[in-house]
Amino acid sequence: GFVGLTPARLLDTRQGSATVDGNDVGAGRVQPGDTYALDVTGRVGIPVDASVVNVNIVAVRPSGPGFLTVWPCSESRPLASAVNFTTGITIANQVSVTIGTEGKICIYSHAETDLVVDTYGFYQVSSDDPERVVWVADDGSGDFLLLSAALASITDASAATPYLIKIAPGVY
């Protein structure tokens, strides 16, 4: 289930900035086409067996229009956008992202920008969780784009075989 945390900064590439534990700070602007691999487990109470982390990701003063993609580092970069931005405008978005096998999430930037990442919680599989989880996310990061499609796919739910439907924030 979901475990909420006191919001904490995990990444700030700006010079002279700070993070909750002094890691991933002041590395400088991410260049176009670069990927930043961010350690999330083992920090601010996120355990190594956490499956998903909830973050607020910010593109700070981008040098041109572009987007950020966020995904588990142990997988190939998807063709998806988590944040879309324009030149000079700081913009943020909330993202729930699966954590890679090495405890990292990756952030790709299409244009030069500073990055800020804050976390406020994570998901951890427990013995009380159903074995079958269905994710709905309108940004393409889930199993389904629409709740109606997710519901239609479940044909064998019962008290003995429950499903858990997780819905990411979005427009449905």
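Residues numbered from 1 in each chain as written. Predicted model: local features only at pLDDT ≥ 70, side-chain atom pairs only at ≥ 80, totals over all residues. Heavy atoms only, no water.

Further remarks concern the environment of Lys104. In this fold, Lys104 is placed in strand β7 (residues 104-109). Considering only alpha carbons, one finds Lys104 and Cys73, 31 residues apart in sequence, at a separation of 5.8 Å. Residues contacting Lys104, with those up to four places away along its chain left out, are Ala37, Leu38, Asp39, Pro72, Cys73 and Ile99. (Helix = DSSP H or I, 4+ residues; strand = E, 2+ residues; numbered from the N terminus. Contact = heavy atoms within 4.5 Å.)

The tally for this structure, following the rule as stated, stands at eight salt bridges. With its nearest N and O atoms 2.8 Å apart, the salt bridge here joins Arg43 to Asp24. Here Arg43, found in the loop between β2 (35-39) and β3 (50-60), pairs with Asp24, found in the loop between β1 (2-12) and β2; they are 19 residues apart in sequence, far enough to count as distant. A single burial state applies to Arg43 and to Asp24, both of which are buried. For Arg29, the salt bridge goes to Glu112, with nearest N and O atoms at 2.8 Å. Linking Arg29 in the loop between β1 and β2 with Glu112 in the loop between β7 and β8 (114-124), this pair joins segments that are 83 residues apart in sequence. The exposure class assigned to Arg29 is partly exposed, which follows from its relative accessible area of 26%. By relative accessible area, which is 23% here, Glu112 ends up partly exposed. Linked by salt bridges that have partners in common, Arg9, Asp12, Arg14 and Asp118 make up one network. (Salt bridge = Lys/Arg side-chain N within 4 Å of Asp/Glu carboxyl O. Buried < 20%, exposed > 50% of the residue type's maximum accessible area, 1.4 Å probe, protein only.)

This next bit is on the state of the cysteines. Applying the stated criterion to the full structure yields one disulfide. Each disulfide pairs two cysteine sulfurs, and for Cys73 the partner residue is Cys106, the sulfurs being separated by 2.0 Å. Across the disulfide from Cys73 to Cys106, rotation about the S-S bond amounts to roughly 115°, and the bridge is consequently right-handed. Taken together, the residues span a long stretch of sequence, with Cys73 in the loop between β4 (66-72) and β5 (83-85) and Cys106 in strand β7 at a distance of 33 residues. For Cys73, a relative accessible area of 25% puts it in the partly exposed group. (Disulfide = S-S within 2.5 Å.)

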